[in-house]
Amino acid sequence: MGLISVLIGVLVIVVVGAICFWAIDKFAADRRLAQLLKLLVVLICLGAILQRVLPLI
């Protein structure tokens, strides 16, 4: 049951990250700012995924 919970959590994180990417593409006027915001989203998502997965190891 714990593994399914982790997979659902990771899936939610990926979906939220994809929505953030779409919003950044849609509303960021400056390309450089958009790239920095996307990098920040990727780092936050990776950190959240690692936080979910590391207790399993």
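Above this text sits the structure in question.
Just so you know, these numbers come straight off a predicted model, no measurement behind them. (Residues numbered from 1 in each chain as written. Predicted model: local features only at pLDDT ≥ 70, side-chain atom pairs only at ≥ 80, totals over all residues. Heavy atoms only, no water.)

Enquirer: How should the pattern of salt bridges be read in this particular structure?
Expert: Between side chains of opposite charge, a pair can form as their charged atoms come close. Within the structure shown, the criterion is met by one salt bridge. With a closest N to O distance of 2.7 Å, Asp25 and Lys38 form a salt bridge. Here Asp25, found in helix H1 (residues 2–27), pairs with Lys38, found in helix H2 (residues 31–53); they are 13 residues apart in sequence, far enough to count as distant. A residue is classified by how much of its surface remains accessible, and Lys38, at 14% relative accessible area, is buried. (Salt bridge = Lys/Arg side-chain N within 4 Å of Asp/Glu carboxyl O. Helix = DSSP H or I, 4+ residues; strand = E, 2+ residues; numbered from the N terminus. Buried < 20%, exposed > 50% of the residue type's maximum accessible area, 1.4 Å probe, protein only.)

Enquirer: I'm lost on a nonpolar patch on the surface in this one. Help?
Expert: Taken together, the side chains of Leu3, Leu7, Leu50, Leu54, Leu56 and Ile57 define a hydrophobic patch exposed on the protein surface, amounting to about 680 Å² of accessible area. Mapped onto the fold, Ile57 is located in the segment after H2. Looking at Ile57, the relative accessible area reads 80%, which means it is exposed. (Patch = residues over 30% accessible without salt bridge, like charges linked within 9 Å, V, L, I, M, F, W, Y side chains within 5 Å. Areas by Shrake-Rupley, 256 points an atom, 1.4 Å probe, with all protein chains shown as cover.)

Enquirer: Honestly, the packing of H1 against H2 in this entry has me stumped. Any pointers?
Expert: In helix packing, the relevant descriptors are the interaxial angle and the interaxial distance, both defined with respect to the helix axes. At a minimum axis distance of 10 Å, the contact between H1 and H2 shows a crossing angle of 175°. Taken together, the axes of H1 and H2 are roughly antiparallel relative to one another. Facing H1, whose interface residues are Val6, Gly9, Val10, Ile13, Val14, Gly17, Cys20, Phe21, Ile24 and Asp25, H2 presents Arg31, Ala34, Leu37, Lys38, Val41, Val42, Cys45, Ala48, Ile49, Arg52 and Val53. Of the residues contributing to the contact of H1 with H2, the split by class is 15 nonpolar, two polar and four charged. (Axes fitted to C-alpha atoms, helices over the stretch in contact; angles between N-to-C directions. Parallel < 35°, antiparallel > 145°, perpendicular 65-115°, else oblique. Contact = heavy atoms within 4.5 Å. Nonpolar A, V, L, I, M, F, W, Y, C, P; charged D, E, K, R; others polar.)

Enquirer: For this particular structure, what's the right way to read the environment of Leu46?
Expert: Looking at the element boundaries, Leu46 is found in helix H2. Leu46 gets classed as partly exposed once you look at its relative accessible area, which sits at 47%. Distance in space between the C-alpha atoms of Leu46 and Ile4 is 19 Å, their sequence separation being 42 residues.

Enquirer: How do you make sense of H1 when you look at a structure like this?
Expert: In an α-helix, one full turn covers 3.6 residues, which means residues spaced three or four apart are oriented alike. End to end, H1 covers 38 Å across 26 residues, agreeing with the expected 38 Å (1.5 Å per residue, within 8%). Those residues of H1 that are buried lie in contact with H2. (Expected span 1.5 Å × (residues − 1).)

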